[in-house]
Amino acid sequence: MFAVIEGIEGSGKSTLQAGLAEALRARGERVATTREPGGSPLGDAIRAIFLSTELEVAPVAEAMLVNAARAQHVASLIRPALERGETVICDRFVDSTLAYQGYGRGLDLSMLRGLCELAVGGLGADLTIVLDCEPTLSRERLDARGSARDRLENERYGFHQRVREGFLALARGSSRHVVLDASDTRENLVAAALAAIEGLGIRG
Ligand code: TMP
């Protein structure tokens, strides 16, 4: 089973990912957790370039960088884990490209879908959990974290609002998406995510 968690920065994706993995492991499942961009040595190297505040990165270059990382991630980690029967929980996947480079940067969605398809070769999430988060809450959480902001976190409120609306637009009318309120407690969010997985009727 391949589950993806999406949302703007500071929406609590990694906290939910850890809670969900812990709950599934307690039930005896083998769970792999990973993230994008990242998930492989090449992906981690691309992540560092992608988030650097020192570099100028054009929107199309952004889309190509994340998809180069994704192609390697799918080939070296996600597909092998799924083939071994593990549950994979990934922090971000294709919807992030559509939301950030599409809705956020204004690149054409069908062009982006084609590029992502080249990277994933037909692999899609069984379930995508969207943590819907008001950009002001996201900003408060990032400020509380205290570390320096990366290139994308430095973007303005309007960009994050477009990205948030992009995630919601992608989820609308889709049976594989579940939208949860990012301001809810960790416990409630883990319970809702587990319920969504159970609702799929496929495990393992
Ligand atoms: P995060 O996962 O720690 O939030 O950081 C990853 C950043 O990369 C985040 O700002 C979103 C951005 N990103 C894209 O713009 N497009 C993508 O396809 C992916 C996977 C991430």
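Computed from a predicted model, the values in this text were never measured in an experiment. (Residues numbered from 1 in each chain as written. Predicted model: local features only at pLDDT ≥ 70, side-chain atom pairs only at ≥ 80, totals over all residues. Heavy atoms only, no water.)

A. Focus on the packing of aromatic side chains. The final tally for this structure, using the stated rule, is three aromatic pairs. Taking 5.0 Å as the distance between ring centres and 80° as the angle between the ring planes, the aromatic pair formed by Phe2 and Phe93 counts as edge-to-face. Of the two residues, Phe2 sits in strand E1 (residues 2-6) while Phe93 sits in the loop between strand E3 (87-91) and helix H4 (94-104), which places them 91 residues apart along the sequence. Of the residues examined, Phe2 reaches a relative accessible area of 1% and is grouped as buried. Here the aromatic rings of Tyr100 and Phe167 are separated by 6.1 Å at their centres, their planes lie at 75°, and the arrangement is edge-to-face. Here the residue Tyr100 occupies a position in helix H4, and Phe167 occupies one in helix H7 (residues 157-171), the gap between them amounting to 67 residues. Both residues of the pair, Tyr100 and Phe167, belong to the buried class. Members of the aromatic cluster, each reached through a chain of ring pairs, are Tyr100, Phe159 and Phe167. (Phe/Tyr/Trp six-rings, centres within 6.5 Å; stacked < 30°, edge-to-face > 60°. Helix = DSSP H or I, 4+ residues; strand = E, 2+ residues; numbered from the N terminus. Buried < 20%, exposed > 50% of the residue type's maximum accessible area, 1.4 Å probe, protein only.)

B. Structural detail: the side chain of Ser138. For Ser138, the location among the structural elements is in helix H6 (residues 135-145). According to the relative accessible area criterion, Ser138 is buried, its value standing at 3%. Within the structure, the side chain of Ser138 is placed 2.7 Å from the backbone oxygen of Glu9, a separation counted as a polar contact. Residues contacting Ser138, with those up to four places away along its chain left out, are Ile8, Glu9, Gly10 and Cys133. (Polar contact = N/O pair within 3.5 Å; in protein donor to acceptor, adjacent residues only side chain to side chain. Contact = heavy atoms within 4.5 Å.)

C. Spatial organisation of the environment of Ser174. With respect to the helices, strands and loops of the structure, Ser174 is situated in the loop between H7 and strand E5 (177-181). The partly exposed category is assigned to Ser174, whose relative accessible area is 24%. When the C-alpha atoms of Ser174 and Gly43 are compared, they prove to be 29 Å apart, with 131 residues separating the residues in sequence. Side-chain polar atoms of Ser174 contact the backbone nitrogen of Arg176, separated by 3.3 Å.

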